Amino acid sequence: MAERTRRAVAVPAQDRGSAPGPAPQTPAGLEDRGSAPGPAPQTPAGLERSPAGPEKSPAGLERSRVGRDGVARWLWVLPPVVVLGLVFLYPLGLVVQQSFSPESGGGAFDAYASVFASQSFREALGTTVWLAVGATAGCLVLGFALALVIAFVPFPGARAVAKFIDVFLSFPSFLITLALLFVYGTVGMANGLVTDLTGAAEGPFHFLTTPWGVLLAEITYFTPFVMRPLLAAFSQLDTAQLEVAAGLGARPARIVRQVILPEALPALAAGGSLVLVMCLNEFGIVLFTGAKDVTTLPMLIYGKAILESDYSAACVVAVVNIAISVGLFGLYRVVGKRAGA
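In this text, all values refer to a predicted model and were calculated from it rather than measured experimentally. (Residues numbered from 1 in each chain as written. Predicted model: local features only at pLDDT ≥ 70, side-chain atom pairs only at ≥ 80, totals over all residues. Heavy atoms only, no water.)

### Observations concerning the overall build of the protein chain
Secondary structure assignment for the protein chain yields 13 helices and zero strands. Summing over all exposed atoms, the protein chain offers an accessible surface of approximately 22,500 Å²; the carbon and sulfur share of this is 66%. (Helix = DSSP H or I, 4+ residues; strand = E, 2+ residues; numbered from the N terminus. Areas by Shrake-Rupley, 256 points an atom, 1.4 Å probe, with all protein chains shown as cover.)

### Observations concerning the packing of helix 4 (residues 119-152) against helix 10 (residues 252-280)
The contact between helix 4 and helix 10 brings their axes to 9 Å, and the two run at 140°. Accordingly, the angle class assigned to the pair helix 4 and helix 10 is oblique. In the crossing of helix 4 with helix 10, the sense of the turn from one axis to the other is right-handed. Contacts from Thr128, Ala132, Val133, Ala135, Thr136, Cys139, Leu140, Phe144, Leu148 and Phe152 in helix 4 reach Val256, Ile260, Leu261, Ala264, Leu268, Gly272, Val275, Leu276, Cys279 and Leu280 in helix 10. For the contact of helix 4 with helix 10, the class distribution of residues is 17 nonpolar, three polar and no charged. (Axes fitted to C-alpha atoms, helices over the stretch in contact; angles between N-to-C directions. Parallel < 35°, antiparallel > 145°, perpendicular 65-115°, else oblique. Left-handed = near helix turned anticlockwise from the far one by under 90°. Contact = heavy atoms within 4.5 Å. Nonpolar A, V, L, I, M, F, W, Y, C, P; charged D, E, K, R; others polar.)

### What about the pattern of salt bridges?
According to the stated counting rule, one finds one salt bridge in the structure shown. Linking lysine 304 and glutamate 308 is a salt bridge whose minimum nitrogen-to-oxygen distance equals 3.5 Å. (Salt bridge = Lys/Arg side-chain N within 4 Å of Asp/Glu carboxyl O.)

### So, the state of the cysteines
For the coordinates displayed, the defined rule picks out zero disulfides. The cysteine cysteine 279 is free of any disulfide, with cysteine 139 supplying the nearest cysteine sulfur at 5.9 Å. Given a relative accessible area of 5%, cysteine 279 falls into the buried group. (Disulfide = S-S within 2.5 Å. Buried < 20%, exposed > 50% of the residue type's maximum accessible area, 1.4 Å probe, protein only.)

### Focus on the packing of helix 3 (residues 110-117) against helix 4
Between helix 3 and helix 4, the least distance of the axes is 5 Å, while the angle of their chain directions is 70°. Classed by the angle they form, the pair helix 3 and helix 4 counts as roughly perpendicular. Two secondary-structure elements touch here, helix 3 through Val115, Phe116 and Ala117 and helix 4 through Gln119, Phe121 and Arg122. Partitioned by chemical class, the residues of the contact of helix 3 with helix 4 number four nonpolar, one polar and one charged.

### Remarks on the nonpolar core
Membership of the largest hydrophobic core comes to 45 residues, with the highest contact counts inside it found for Phe222, Leu230 and Phe234. Here the element with the most residues in this core is helix 8 (residues 211-235); it accounts for twelve residues. Apart from residues lying up to four places away in sequence, leucine 230 is in contact with Gly143, Phe144, Ala147, Ala264, Ala267 and Leu268. Among the nonpolar cores identified, the runner-up in size contains twelve residues, and Ala111, Val115, Leu297 and Val316 belong to it. (Core = buried A, V, L, I, M, F, W, Y, C linked by side-chain atoms within 4.5 Å.)

### Here we look at a nonpolar patch on the surface
Among the surface-exposed residues, Leu78, Val82, Val83, Leu84, Leu86, Val87, Phe88 and Leu89 lie close enough to one another that they form a single nonpolar patch of about 780 Å² accessible area. As for its position among the elements, phenylalanine 88 is in helix 2 (residues 58-100). (Patch = residues over 30% accessible without salt bridge, like charges linked within 9 Å, V, L, I, M, F, W, Y side chains within 5 Å.)

### Thoughts on helix 12 (residues 297-307)
Taken together, the buried positions of helix 12 are occupied by Leu297, Pro298, Met299, Leu300, Gly303, Lys304 and Ala305. Serine 309, located one to two residues past helix 12, shows a positive phi value of around 55°.

### Section: the environment of isoleucine 324
As for its position among the elements, isoleucine 324 is in helix 13 (residues 311-339). It is 8.5 Å that separates the C-alpha atoms of isoleucine 324 and leucine 280, two residues lying 44 residues apart in sequence. When neighbours within four sequence positions are excluded, isoleucine 324 is seen to be in contact with Leu125, Leu280 and Leu297.

### Side note on the confidence of the model for the protein chain
Of the residues in the protein chain, 76% reach a pLDDT of 70 or more, and the chain-wide mean stands at 77. When mean pLDDT is taken per element in the protein chain, helix 4 scores highest with 92 and helix 1 (residues 2-9) scores lowest with 44. In this model residues 1-38 is a low-confidence stretch, pLDDT under 50, and it forms two contacts with partners more than four residues away in sequence or in other chains. (pLDDT = per-residue confidence, 0-100.)

### Overview of the packing of aromatic side chains
One pass over the structure, following the stated rule, counts 19 aromatic pairs. Relative to phenylalanine 288, the ring of phenylalanine 174 has its centre 5.3 Å away and its plane inclined at 25°; by these criteria the two rings are stacked. Of this pair, phenylalanine 174 sits in helix 6 (residues 173-184) while phenylalanine 288 sits in helix 11 (residues 284-289), placing them 114 residues apart in sequence. On the basis of relative accessibility, which here comes to 37%, the residue phenylalanine 174 falls in the partly exposed class. Classification of phenylalanine 288 as partly exposed rests on a relative accessible area of 36%. (Phe/Tyr/Trp six-rings, centres within 6.5 Å; stacked < 30°, edge-to-face > 60°.)

Right, here's the structure in full:
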């Protein structure tokens, strides 16, 4: 009986594997030995770097390339800078130095005070300014009118005239003055024709030796410098605007005033600024007209340096002329950049 009871209570051997039991315990520190990565192998000291040295990163290569490009750029820039310094900057520096170091001695600004106090300098400055402003105004008016005709009035040879303007820009200024002397000079063609017809001792044309003759010569020579940017501006003008304005009954004067002129203002400003700078420094026209009573700043520099041998005063006038020219040239660059020239 007792034996039968023990057999009924005992668990069969096949059921022991399915009953959940406690997980087998593994020794501490060995449960993850198969899956956990071990420490990285240690490299002997001094072998971390290859014999060729450290490898450069892309940023390092970029900096090295930029450094080489900068050196090459300086090697290309250096020769023209040296030539410019020797040919232009060094003589200009000598002129400035001479203006502050008068040969007769005295203070650094004594030559400036003496020149500014002289009547001849004030008259030369006034003559230079009014001739430059007058010539610029005349070039703007005449250049605008001629450019309108060439660009918008069809006539035979218009393209040839536009090409001739480009060639005219290469002419020296004294050549134009010499041509005017052949026509309106004391023994020129106009005076010769009058004396032949009337039997007078001399002709009536003597204005070339006056400021008006200088003004005429400057307007004649510098007008193409205004026409060139105007013709470029007119070539980009949409002709449909002109056709619409004409179709609406606008007269030519109104079309010019309200359609063409606003488009031409930047080109007019750029050309006028250039002409103003060039007229301030013009020497050949004044010299070749023979206008003895017309003294501009360049003529005053010539007289002080060559005729009077007063180099300090000549350098002072030159410094003033350079300062005015550089200021106006800066204005011309600003206007030209805004005009897209």
